[in-house]
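Descriptive analysis of the structure
If you want the building blocks of each chain, they are given just below.
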Amino acid sequence: MKPVFEYTKGMREMELHYCPGCTHGIAHRLIMEVLEERGDLGNCIAVSPVGCSIVAHHYLDVDMIEAAHGRAPATASGIKRVHPDSPVFTYQGDGDLASIGTAEIVHAAHRGEKFCTFFINNAIYGMTGGQMAPTTLIGQKSTTCVEGRTVAQAGMPLRMAELIATIDGAVFVERVSLSSPAEIRKAKKAIQRAFEVQEKKLGFAFIEILSTCPTNWGLNPVDSIEWLKENMIPYYPLKQFKCPEEVK
Amino acid sequence: MSVKKIFIAGFGGQGVLLIGRMLAYAAMYEEKEVTWMPSYGPEMRGGTANCTVCISEDPIASPLASTCDVLVAMNGPSLDKFESMLLPGGDLFINSSIVTQKATRTDVNVYYVDCNKIAEEKVGNGKTANMVMLGAIIQITNIVGLAIMEQVFEKVMTGGKTALIALNMKALEAWTK
Amino acid sequence: MTEKKLMKGNEAFAKAALNAGCRYYFGYPITPQNEIPEYMSRELAKVGGAFIQAESELAAVNMAYGAAAAGGRVMISSSSPGIALMQEGISLLASVQLPVVILNIMRGGPGIGSIQPGQADYNQVTRGGGNGDYHCIVYAPSSIQETMDMITKAFEVAEEYRNPVIIAADGMLGQMMEPVIIPEAKPALTEEEIPAAKPWALTGHKNKRERIAINSVWLEQELLEDYINGYWPKYIKAEKELAEYEAVNLEDAETVFVAFGSTARVVLEAMDILAKEGIKTGLIRPKTLWPFPNEAFSKIGPKTKQIISVELSQGQMIHDVKYALEGRLPVALINRVGGMLIDPVEVAERTKKILEVK
């Protein structure tokens, strides 16, 4: 009998600590599948953030380093200087990338750094217990906006893919979602393109991945998927903003 | 020889730091100990500039000068500000091309050097004014020898500037007592 | 190469790093050390290295974190307020035991402070600076030549101890020119040589070994305690083996100065002035600020009645001096702050006041 699915080679065989319904598990698996298919598990060096996925290095079977909060793009820039031909990626959440790390991600894009960034946008801070993120939606409740986010108090939510797409050095920018099998397949294609962009040294590749956080949204896993589709996708449109000719 | 301290001051662009660096190179090629310490900071951005050159046979302790043996005042405000730094019996060089006032000290040796005029008329090139001043300093103080300056110019003025070496040597000897 | 060259401090420091095999530099402009990134931006690519003008000092130290983790020989530099900004990164480097050489061309502070030289970072560099239990190894040069030699040594020490090493120079050393002998150029490790030389470095596991994961967070505190206790012996070793100092005229001195960096040079000239007036003084010049050379203080002779710490700060090293003396002798302070320099005449005058000499 031919196996139809196997444990992803790039995932170390252990139980993930992520919450039921959290899409980190899917995101991790997609990236590792792409690396395996490209024969790059042995070459890859990755940078994990501060956030729920701070422990990603336990799960991913590649050389990996934990960066200080927000600094993953700077850390990756340093690694890439020493190993210019090795595939390098950063994996970051809302606080890491869209709050404390905005200078680092903008400048990595600005310099056209030859690595990929996977931005896990779940519109809330997970690890620290559900505070408002720059990506939290208007009216969405969090522990630091218990009545729901208002424009007056916190401004409109930040659209990072759009922001990064305005920078010339960011040559591949796409927003995807993990809210259905079809969208997951599209997300994997985007990840494949991102690593191709890196291999061809075309410039910075940025993928924003809309994700769920059932625990801090106060929803069960199934309802979380629906919430994402109904609330996040309208505000954060799924779109390929930029793609170089060479990888189309 | 115990430490000799030379303090050179003027406004940014007068070649104050350059004169100091030339002296420092000369002292090094004569195998003496030397330090060159510039002022740096807002005064550099269009204000007064100064540098301290210390020359000695023995290793130099402090590169700073609260008093000096030789003072070079390239502009009026520098003369006003630093005249009191000079030790009694020291040598004071004043750029009389633009400094109109006279020295007030009577216990030092004063030399008025009309750098710009000498550079234009005797050397034939107005841009050598600060080398004229450097020449005066070397001739009077003998803190380094005139001969070593050719080696200094060779090292410092490389490439397209080689033609300037002869011109600058001429400028060094242009002022006479 | 024994021919002397007249070099500006900052440029000499950069050159020394290059010759010591440094191939990665990340920096942000800040006075009075800008000649260092400027030099690196011109010269690193020529030797196959890489330079990034980072978006901030915060980014620079984190780039160094990545490059050092990847096995590169890295240097970063800044001046006091920029070093303060880097402290998170320095603690991070120490927490995962990575070698990086850090140049602090000190200026007056606190806050944005003065662009003129200072020594008020003593606490910042020797007392952690960042959070948690670690030490930086700290060298304090007092001439351009010594700085170049310490930088050359720092890369070796950083890799032997797997620890950040700070060179605490100051704006005066950075800006002045002195004749120096440039240390011989050493080859740098190639990318292929990294795994053998640095088995802990991130190079990609190539399917030939277990993956390396470098983590700074520890969710189980028992494990973190074990980890910290596990690396602590290197600091005990450093205290035994790395402390350095220079001692001048301790046998004869009635008063002993303690000073580091360019302040020590000023004190040497003050000692000459005092000697001419029959006042016998000596000097202990710490060359390492951490570990502090406590041993030097046991060399103080029976004639010595007074210790004077001379610092460009409100008295930071003075506490280590008192600690080393264990209360045996009175310690006074002669100081300037805020970027003001002290000159030999002032040191001599204030010394006489302390000694109540008419």
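Shown above is the structure to which this text applies.
Everything in this summary refers to the structure shown in the same document. All values reported here derive from a predicted model rather than from experimental measurement. (Residues numbered from 1 in each chain as written. Chains lettered and ligands numbered in written order. Predicted model: local features only at pLDDT ≥ 70, side-chain atom pairs only at ≥ 80, totals over all residues.)

For the rest of this paragraph, the subject is the overall build of chain B. Scanning chain B from terminus to terminus reveals six helices and six strands. Reading chain B from its N end, one meets helices and strands in the order β-α-β-β-β-α-β-β-α-α-α-α. Principal-axis analysis of the C-alpha atoms places the extent of chain B at approximately 40 × 40 × 35 Å. Within the span of chain B, comprising 177 residues, buried residues form 47% of the whole. A separation of at least 24 residues holds for 53% of the contacts in chain B among residues at least 6 apart in sequence. (Helix = DSSP H or I, 4+ residues; strand = E, 2+ residues; numbered from the N terminus. Buried ≥ 20, exposed ≤ 12 C-beta atoms within 10 Å, placed from the backbone. Contact = placed C-beta atoms within 7 Å.)

Let's shift gears to the packing of helix H1 (residues 24-37) of chain A against helix H8 (residues 181-199) of chain A. All names here are of chain A. The N-to-C vectors of H1 and H8 enclose an angle of 45°; their axes lie 9 Å apart at closest approach. In terms of orientation, H1 lies oblique with respect to H8. As H1 runs across H8, the sense of the crossing is right-handed. Taking contact as the criterion, the partners of Ile26, Leu30, Ile31, Glu33 and Val34 in H1 are, on H8, Ile184, Ala187, Lys188, Ile191, Gln192 and Phe195. Broken down by class, the residue content of the contact of H1 with H8 amounts to eight nonpolar, one polar and two charged. (Axes fitted to C-alpha atoms, helices over the stretch in contact; angles between N-to-C directions. Parallel < 35°, antiparallel > 145°, perpendicular 65-115°, else oblique. Left-handed = near helix turned anticlockwise from the far one by under 90°. Nonpolar A, V, L, I, M, F, W, Y, C, P; charged D, E, K, R; others polar.)

As a further point, take the sheet that holds strand E3 (residues 50-53) of chain C. Residues and elements named next belong to chain C. Taking strand neighbours across the sheet as the criterion, the seven strands line up as E3-E2-E4-E5-E7-E6-E13 in an open arrangement whose pairing is mixed. Strands with a single pairing partner mark the edges of an open sheet, and in this sheet they are E3 and strand E13 (288-290). Shown here is a sheet whose adjacent strand axes are inclined to one another by a mean of 20°, direction ignored. Pairing of strand E2 (residues 24-27) with strand E4 (residues 74-78) involves three bridges; the strand directions are parallel. In the sheet register, Phe26 faces E4, and the bridge partner there is Ile76. The sheet strands contacting helix H6 (residues 144-161) are strand E5 (100-106), strand E6 (137-139) and strand E7 (164-170), and the helix crosses E7 at an angle near 160°. (Pairing = 2+ DSSP bridges.)

This next bit is on the interface of chain A and chain C. Between chain A and chain C, the contact holds 29 residues from the first and 35 residues from the second. The set of elements that each furnish at least two residues to the side of chain A that touches chain C consists of strand E2 (63-66), helix H3 (72-82) and helix H5 (102-111) of chain A. By residue number, the principal contributor to the side of chain A that touches chain C is H3(A), which donates eight residues. Of the residues belonging to the side of chain A that touches chain C, the class tally is 14 nonpolar, nine polar and six charged. Summarising the sheet, E2(A) and strand E9 (residues 213-214) of chain C pair through two bridges and their orientation is parallel. By the bridge assignment, A:Met64 is partnered in E9(C) with C:Ala213.

Once that is clear, we can look at the interface of chain B and chain C. Taken together, the contact between chain B and chain C spans 15 residues of the former and 19 residues of the latter. When contributions to the side of chain B that touches chain C are tallied by element, the ones reaching two or more residues are helix H1 (16-29) and strand E2 (33-38) of chain B. Ranked by residue count, the leading element in the side of chain B that touches chain C is E2(B), at five residues. When the residues that make up the side of chain B that touches chain C are grouped by side-chain class, the tally is 11 nonpolar, four polar and no charged.

Moving on: the environment of A:Val176. Residues and elements named next belong to chain A. Residue placement: Val176 occurs in strand E5 (residues 170-177). For the pair Val176 and Ala187, spaced 11 residues apart in sequence, the C-alpha separation works out to 5.4 Å. Once residues lying within four places of it in the same chain are set aside, the contact partners of Val176 are Glu183, Lys186, Ala187, Ala190, Ile207, Ile209 and Leu238.

Right, let's talk about helix H13 (residues 344-355) of chain C for a bit. Residue and element names in this part refer to chain C. Taking 1.5 Å per residue as the helical rise, H13 with its 12 residues ought to reach 16 Å, and the 16 Å between its terminal C-alpha atoms agrees with that figure. Where H13 is buried, its residues touch strand E11 (255-258), helix H11 (261-276), strand E14 (306-311) and strand E15 (331-335). Glu356, located one to two residues past H13, shows a positive phi value of around 55°. (Expected span 1.5 Å × (residues − 1).)

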